[in-house]
Amino acid sequence: MGRFASTVEFYTRYREPYPQEFFRAAAERLGLDGDEALLDVGCGPGPLAIGFAPFVATCTALDPEPGMIDVAKAAAERARAHLSFRLGRIEDFPGGESFDVVTIGRALHWLDRQSAPEVLERIVSSVGRILVCRSGSVEAPASPWLKSYQEVCRSWSDDPDRKHYRLEAAEWFAGSQFHKIDSISVTETHRVSVQDLVGRALSKSNTSPAVVGDRQAEFAAEIRKTLEPFLQNGVLQEKIEAAAVIFGR
Ligand SMILES: C[S@@+](CC[C@H](N)C(=O)[O-])C[C@H]1O[C@@H](n2cnc3c(N)ncnc32)[C@H](O)[C@@H]1O
């Protein structure tokens, strides 16, 4: 079972979304004209592939987790997005295909740094771009709950120092043909419920159902208790930042 297998159900519903404006802004910055071939590496439930699909000619979504591919297929159908799906790891991606855009959302740190850059060098066209994307909650006056929530999650994590996430994208690509050429960032404020934030915690690989095990109810209760004092009319405000670092040759 992959590290993400037990998160599938929660990931789809509760992970921080990429705002619509993020896709529009990225498409404009890249000058997409609808002729491009895009590959989304580590698609998970497909938020990037679905969001970028209207801006390109073909959109392929790749993930080694069968459960993720299943929910991505269902989400694409609901969104009427035309995607192709591949089950597998980027490190094993076959030769012979070329992509103008490769997106890697919240997944770069899971890829093998020895072999994945070589594969990207082979499949990204000479003028192609790689977008390393993320979306997450950021501190803001409107979200005084965030620090306390993160502390609880950290105390339950099997990777509390976030060793897996430390490497900057530019460092990851060091020694490859790719270098950072641009970046974009889009913010959006929205409302979240306590249930959303319990589900989000369970969507993360370091506090997944597989990690918290039979203490899931206790974990959820601790999150609820922590967030309760911050509730306003039963909900919380949250500022989301979606960002992409753009790499090219
Ligand atoms: C945190 S999810 C990101 C999902 C989505 N891209 C997003 O931005 O929300 C990371 C995904 O990367 C996938 N993954 C892990 N190792 C991979 C690899 N070697 N090649 C391709 N995908 C991989 C996992 O199965 C998981 O679905």
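Residues numbered from 1 in each chain as written. Predicted model: local features only at pLDDT ≥ 70, side-chain atom pairs only at ≥ 80, totals over all residues.

(A) Inspection of the site of the ligand at higher detail. In the region of the ligand, 22 residues are neighbours, and Gly-42, Gly-44, Arg-89, Gly-105 and Ala-107 sit closest. Where the shell around the ligand is concerned, the elements lending two or more residues are helix H3 (47–52) and strand S2 (58–63). (Near = placed C-beta within 6 Å. Helix = DSSP H or I, 4+ residues; strand = E, 2+ residues; numbered from the N terminus.)

(B) View of the nonpolar core. Counting residues in each nonpolar core, the largest one holds 54 residues, and the members touching the most others are Ala-49, Val-102, Ile-130 and Val-132. Broken down by element, the residue count for this core peaks at 6 residues, all from strand S7 (residues 236–248). Excluding residues that lie within four positions of it along the chain, Ala-49 makes contacts with Asp-40, Cys-43, Cys-59, Ala-61, Ala-72 and Leu-83. Within the second largest apolar cluster, 14 residues are counted, among which are Tyr-149, Cys-153, Leu-197 and Val-198. (Core = buried A, V, L, I, M, F, W, Y, C linked by C-beta atoms within 7 Å. Buried ≥ 20, exposed ≤ 12 C-beta atoms within 10 Å, placed from the backbone. Contact = placed C-beta atoms within 7 Å.)

(C) View of the sheet that holds strand S1 (residues 37–41). If you trace the 7 strands from one edge of the open sheet to the other, you get S3-S2-S1-S4-S5-S7-S6, paired in mixed fashion. On the outer flanks of this sheet lie strand S3 (84–87) and strand S6 (179–192), each paired with one strand and no other. Put simply, the sheet's adjacent strands are angled 20° from each other on average, direction ignored. Relative to strand S4 (residues 99–105), S1 is paired through 4 bridges, and the arrangement is parallel. Within S4, the position partnered with Leu-39 by the bridge is Val-102. (Pairing = 2+ DSSP bridges. Axes fitted to C-alpha atoms, helices over the stretch in contact; angles between N-to-C directions.)

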